[in-house]
Amino acid sequence: MVELADAVRDYPFRQKHLLGLSDYTRDDILFVLDQAKYFREILDRPVPKVPTLRDKTIVNLFYENSTRTRLSFELAQKRMGADVVNFSAGTSSAQKGESLKDTIRNISSMKIDMVVARHESPGVPYFLTRQVDAAIINAGDGAHEHPTQALLDMFTMQQIYPDLRGKKIAIIGDISYSRVVRSNILGLSKVGAKVVVCGPKTMMPAFVDALGAHVSYNLEETLAWCDVAMALRIQLERQGNATELFPSIREYHQKFGIKMEHLEKYPNFTVMHPGPINRGVEMESDVADSDRAVILNQVTNGVAVRMAVLYLLSGNTGG
Ligand code: CP
């Protein structure tokens, strides 16, 4: 860990929280990704542990379902020796009507250093910074941002393309309701990648232009162009009646699903997906399992990226 400490001293990382990549500079992002390389290497050791957070107490505050993000944060925290407590809204006193404000202030009274928060409402991580004196990490707030997902996506891309400047990244699917797309556009644009978003017109919001991404409605053209194709799940839970946005799941798959024939026709692009996948909708099942897909690498890398984020923010609590 000597190298890590040296590297940390080399860059004036001044962030106290990770609320979104909108708040992080290009150098902040590249620094986090650089630190994550050390933690990724640690994960391959026979004993993948470092005691860097052994004096920290972290609460994982989840008001929304999660498999990858929650387990990944918890593993990252345990690999670093932190004391970890998990809060699930569904089994908590939130079910008896306790407000988010009261919940977090009560948890804070138990002396915590960091909060990892997922909530269906955009802006909740910002709200938490005003309630407690702890570092706040956004693990997904509604359709707003999912910064650690974008960081792990960029880290995975860097394993193929160490310099992301000029790399062509396509994000395909339900753009309107995706926090992953917003964080990825912000992060990828800051590090100099070119981003095209592709999907049905009914799922294409105005904000992508403002964030600097280009729009395509043509999957074939997009796949012919890109170095990386990241497919997104249709966010049924945020759409109400999703079938109003496209005629049917079958038609959506026909028009925007990545298929084995695409892998043969366009031999260069890498397939990514933040998960969870709806097999047979955003991509054929064989595509997800093919050697062109790095979807499980994304998950492995997520632990390393979250270890880096936790480590870097752990020294800045209380401020
Ligand atoms: N990618 C992602 O956020 O997955 P989970 O919802 O399972 O955490």
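Rules used throughout
Residues numbered from 1 in each chain as written. Predicted model: local features only at pLDDT ≥ 70, side-chain atom pairs only at ≥ 80, totals over all residues. Heavy atoms only, no water. Helix = DSSP H or I, 4+ residues; strand = E, 2+ residues; numbered from the N terminus. Rg over C-alpha atoms; globule rule 2.2 N^0.38 Å. Buried < 20%, exposed > 50% of the residue type's maximum accessible area, 1.4 Å probe, protein only. Contact = heavy atoms within 4.5 Å. Core = buried A, V, L, I, M, F, W, Y, C linked by side-chain atoms within 4.5 Å. Axes fitted to C-alpha atoms, helices over the stretch in contact; angles between N-to-C directions. Parallel < 35°, antiparallel > 145°, perpendicular 65-115°, else oblique. Left-handed = near helix turned anticlockwise from the far one by under 90°. Nonpolar A, V, L, I, M, F, W, Y, C, P; charged D, E, K, R; others polar.

### Describing the overall build of the chain
Counting secondary structure elements, the chain contains 14 helices and 9 strands. Taken over the C-alpha trace, the chain has a radius of gyration of 19 Å; the compact-globule value for 319 residues is 20 Å, and the two agree within 12%. If one aligns the C-alpha atoms of the chain with their principal axes, the spans along those axes are about 55 × 50 × 35 Å. Evaluated residue by residue, the chain yields a buried proportion of 55% over its 319 residues. Relative to all contacts within the chain whose residues are 6 or more apart in sequence, the contacts with residues 24 or more apart total 75%.

### Examining the nonpolar core
Counting residues in each nonpolar core, the largest one holds 64 residues, and the members touching the most others are L151, M154 and V197. A per-element tally of this core places helix α14 (residues 295-314) first, with 10 residues. The residues contacting M154, other than those within four sequence positions of it, are L21, I29, L33, L164, G187, L188 and V191. With 24 residues, the next largest nonpolar core counts L219, A231, I258 and I295 among its residues.

### Here's the deal with the environment of V309
Looking at the secondary structure, you find V309 in helix α14. By relative accessible area, V309 is classed as buried at 4%. For V309 and E264, which are 45 residues apart along the polypeptide, the C-alpha to C-alpha distance reads 38 Å. When residues no more than four places from it in sequence are discounted, the contact partners of V309 are L18, V32, I137, T148 and L151.

### Points about the packing of helix α3 (residues 68-79) against α14
To characterise two packed helices, one gives the angle between the axes of the helices and the distance between these axes. In the contact formed by α3 and α14, the axes pass within 8 Å of each other and the chain directions differ by 55 degrees. Classified by the angle between their axes, α3 and α14 sit oblique to one another. Between α3 and α14 lies a crossing whose hand is right-handed. On the side of α3, the interface is formed by R68, T69, S72, F73, L75, A76, Q77 and R79, while α14 contributes V299, G302, V303, R306, M307 and L310. Residues that form the contact of α3 with α14 fall into these classes: 7 nonpolar, 4 polar and 3 charged.

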